[in-house]
Amino acid sequence: YNDNSLFPDVLEQERAYDEQNLSKALYNHIWLGHFYDEVENSIIPVDWFDAAIDAHTKLGFKGEGAVVAAFDPSDEGADSKGFVVRHGSIIKDVAELATGDAADGIDWALDRAMSSGADWFTWDCDGLGVALKREVEKGLQGKKIDYSMFKGSQEPEHPNEAYEPSDANDKAKKKTNKETFLNRRAQYYWKLRDRFFNTYKAVVKGEYINPDDMISLDPGIECLDQLRAEVCRIPLKRNNNGKIQIMSKLEMSKKPYELPSPNMADALMMSCFTPQ
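Note that the coordinates shown come from a computational prediction; the quantities given were computed from them, not determined experimentally. (Residues numbered from 1 in each chain as written. Predicted model: local features only at pLDDT ≥ 70, side-chain atom pairs only at ≥ 80, totals over all residues. Heavy atoms only, no water.)

Here we look at the overall build of the protein
Alright, step 1. A count of helices and strands for the protein gives 11 helices and eight strands.
Alright, step 2. Taking 276 residues into account, the globule formula puts the C-alpha radius of gyration at 19 Å, and the protein, at 20 Å, falls close to it.
Alright, step 3. Projecting the C-alpha coordinates of the protein onto the three principal axes gives extents of approximately 70 × 50 × 40 Å.
Alright, step 4. Excluding contacts between residues fewer than 6 apart, the proportion of contacts in the protein whose partners are at least 24 apart in sequence is 66%.
Alright, step 5. Per element, the accessible surface of the protein, about 14,500 Å² overall, is 47% carbon and sulfur.
Alright, step 6. Taking the 34 positively charged and 47 negatively charged side chains of the protein as two groups, their mean positions are separated by 6 Å. (Helix = DSSP H or I, 4+ residues; strand = E, 2+ residues; numbered from the N terminus. Rg over C-alpha atoms; globule rule 2.2 N^0.38 Å. Contact = heavy atoms within 4.5 Å. Areas by Shrake-Rupley, 256 points an atom, 1.4 Å probe, with all protein chains shown as cover. Lys, Arg positive; Asp, Glu negative; His and termini not counted. Charge placed at Lys NZ, Arg CZ, Asp CG, Glu CD.)

Points about the pattern of salt bridges
Alright, step 1. Across all of its chains, the model carries 13 salt bridges by this definition.
Alright, step 2. As a salt-bridge pair, Arg15 and Glu12 come within 2.8 Å of each other at their nearest N and O atoms. Here Arg15 pairs with Glu12, and both are found in helix H1 (residues 9-21), just three residues apart, close to one helical turn.
Alright, step 3. Residue classification places Arg15 among the buried residues on the basis of a relative accessible area of 8%.
Alright, step 4. Taking the relative accessible area as the measure of exposure, Glu12 reaches 28% and is therefore partly exposed.
Alright, step 5. One salt-bridge network, in which partners are shared between bridges, spans Asp72, Arg185, Lys249 and Asp266. (Salt bridge = Lys/Arg side-chain N within 4 Å of Asp/Glu carboxyl O. Buried < 20%, exposed > 50% of the residue type's maximum accessible area, 1.4 Å probe, protein only.)

A word on the packing of aromatic side chains
Alright, step 1. Applying the stated rule across the entire model yields 13 aromatic pairs.
Alright, step 2. Where Phe7 meets Trp31, the ring centres are 6.0 Å apart and the plane angle is 85°; that geometry is what we call edge-to-face. Taken together, the residues span a long stretch of sequence, with Phe7 in the segment before H1 and Trp31 in helix H2 (residues 24-32) at a distance of 24 residues.
Alright, step 3. For Phe7, a relative accessible area of 18% corresponds to the buried category.
Alright, step 4. Residue class for Trp31 comes out buried when judged on its relative accessible area of 9%.
Alright, step 5. Within the aromatic cluster, the residues linked to one another by ring pairs are Tyr1, Phe7 and Trp31.
Alright, step 6. Between the NZ or CZ atom of Lys191 and the centre of the ring of Tyr188, over which it lies, the distance is 4.2 Å. (Phe/Tyr/Trp six-rings, centres within 6.5 Å; stacked < 30°, edge-to-face > 60°. Lys NZ or Arg CZ within 6 Å of the ring centre and 35° of its normal.)

A closer look at a negative patch on the surface
Alright, step 1. Side chains of Asp75, Glu76, Asp104, Asp107, Asp111 and Glu135 sit close together on the surface and give a patch of like negative charge.
Alright, step 2. Among the elements that line the negative patch, the one with the most residues is helix H5 (residues 102-115), at three residues.
Alright, step 3. If you trace the backbone, Asp104 turns up in helix H5. (Patch = residues over 30% accessible without salt bridge, like charges linked within 9 Å, V, L, I, M, F, W, Y side chains within 5 Å.)

Some words on helix H8 (residues 184-203)
Alright, step 1. Given a rise of 1.5 Å per residue, 20 residues ought to cover 28 Å, and the 29 Å separating the end C-alpha atoms of H8 matches this to within 8%.
Alright, step 2. Along H8, 18 of the 20 residues are buried, which leaves the element largely enclosed by surrounding structure. (Expected span 1.5 Å × (residues − 1).)

Spelled out as C-alpha cells, the structure:
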C-alpha cells in the first residue's frame, strides 16, 4: 500500500483498522506483501518469533550453561535434515541439509556439533533415527560430548510433576505433565512455545522474565526466514481427552495445510532438551 501514490482514503481507513485488529503476520501479508507465515491453530505466532530475534542483545543477557546440538534426520528424497545449536537461552546455529542419505546426514550433524563445542547431542530416534545410534557412538567416541536419543512418541518427561504454563492465571488448576500432554513431542513443543511467549512478554511488554526461561535467535542465522515459516506453521491438534497434541508431519503434509516437513523447527524443539 505504501508504494501506491493513488492509495485512496477508503482503503486507508480499512488498513488502519486491520493494523489495530489483525495479527502482525496477517496484516503484513495483506498490506505489505509479506509471505503469510502463520496457519490456523499455530502454537507460535509470528510476533513472538520476531520478538526473539536478537533478544539477548535487546535485554542484555548472554549464553550460559550447556551447549546443546539437536538433529532431525531424514533419508534421501524431498525431506531435508535439520540442525540447531543452543547455548543457554541463545540459538547460535540453525541449518538444513537437503542432500544425502541418513548416514551422510548424521556425519554432517556430528561435525557441526563438534565444531560448535557442543556438550550434548540429541537426535530424533522415532523412525529411521533409531538406527543411527551406532553411528553416533562411533562418531563421538573419545569426544567430550554426551548424547541422548529423543523419542517424541514416548510419554512426557516427569509425568507426575505439575506443568506450570507461562500464561497461567489460576495456579490451583495446574495439571501434571501426563495430564497435560499427549506425548514428549507435544511437551517439548510447548516448552519452545513458553520460551517464545516469555521472550515476547519481556521484549514487547517490558515484563521481567528470567533469561533462563526465554529464547533468543542470533540475527546472523542465515535461514531465519525459513525457520520462521516452519516454527509459525506448527498447528495444534485437538485431542478428545483435552491433552495438548501437536499435528504430525504426515498430517501437516495433507490438505488443508499441505506444509513441507518442519525439520529445522523440530530440531529447534529438541534443542530444548535440558542435560541432567
